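# Per-entry structural report
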Amino acid sequence: MTKAETTHKRKLAQLGCMACLRIHGAHEAGPVQLHHQRGGMGGWGRGDYKTLIPLCYLHHMGAYGVHGLGTKVFPAYHGFTADDLLADALRLVGA
C-alpha cells in the first residue's frame, strides 16, 4: 500500500458513514467499513482506493445497505446513490 493510499483510507475512516451523514446530519463518527464503489462515479470494475466509500455496517452489509438492498434498490430506498456518497467523501477529504 502506498503512502497516499494509507493516508486516504485513514481520512475516510475518520469521516464516519457517508449515508448516516446524509440521513442524520453531522454526528460523532463511528466505525466504518470501506465499500468499493464499482469503478467509481458510474464506472465498472472494482476501482482503486479513490473509489472507497466509508459506510457503517448497516449501510454497507446490513439490511439497509448497498449489499443488503442491492445497487438498484439502495438509491430508491434512501434517495441518494453510492456515487453521491463517493462524491461527498472525496469532497470532504479534499481529493
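### Quick look at the overall build of the protein chain
The secondary structure content of the protein chain amounts to 6 helices and 2 strands. When its helices and strands are written in sequence order, the protein chain yields α-α-β-β-α-α-α-α. Against the globule reference of 12 Å for 95 residues, the protein chain gives a C-alpha radius of gyration of 12 Å, in line with a compact fold. If you line up the protein chain on its principal axes, its C-alpha atoms span 35 × 30 × 20 Å. Here the protein chain holds 95 residues, and 34% of them are scored as buried. Each charge class in the protein chain can be summarised by its mean position, and for the 10 positive and 6 negative side chains these summaries are 5 Å apart.

### As for the packing of aromatic side chains
Going through the model one piece at a time under the given rule, you end up with 2 aromatic pairs. Ring centres of Tyr64 and Tyr77 lie 5.4 Å apart, and the angle between their planes is 25°; on these two criteria the pair is classed as stacked. Of this pair, Tyr64 sits in the loop between α3 (57-60) and α4 (66-69) while Tyr77 sits in helix α5 (residues 73-78), and the two are 13 residues apart along the sequence. On the basis of relative accessibility, which here comes to 39%, the residue Tyr64 falls in the partly exposed class. The exposure class of Tyr77 is partly exposed, given its relative accessible area of 49%. When the centroid spacing of 5.9 Å and the interplanar angle of 75° are considered together, the rings of Phe74 and Phe80 count as edge-to-face. For the residue pair Phe74 and Phe80, the accessibility class agrees, reading buried in each case.

### Considering the side chain of His60
For His60, the position within the fold is in helix α3. One polar contact links His60 to Gln33, side chain to side chain, over a distance of 2.6 Å. Leave out the neighbours within four places in its chain, and His60 touches Gln33, Leu34, His35, Leu55, Gly65, Val66, His67 and Gly68.

Thresholds applied
- Residues numbered from 1 in each chain as written.
- Predicted model: local features only at pLDDT ≥ 70, side-chain atom pairs only at ≥ 80, totals over all residues.
- Heavy atoms only, no water.
- Helix = DSSP H or I, 4+ residues; strand = E, 2+ residues; numbered from the N terminus.
- Rg over C-alpha atoms; globule rule 2.2 N^0.38 Å.
- Buried < 20%, exposed > 50% of the residue type's maximum accessible area, 1.4 Å probe, protein only.
- Lys, Arg positive; Asp, Glu negative; His and termini not counted.
- Charge placed at Lys NZ, Arg CZ, Asp CG, Glu CD.
- Phe/Tyr/Trp six-rings, centres within 6.5 Å; stacked < 30°, edge-to-face > 60°.
- Polar contact = N/O pair within 3.5 Å; in protein donor to acceptor, adjacent residues only side chain to side chain.
- Contact = heavy atoms within 4.5 Å.

By themselves, these figures tell us nothing about what the structure is for.
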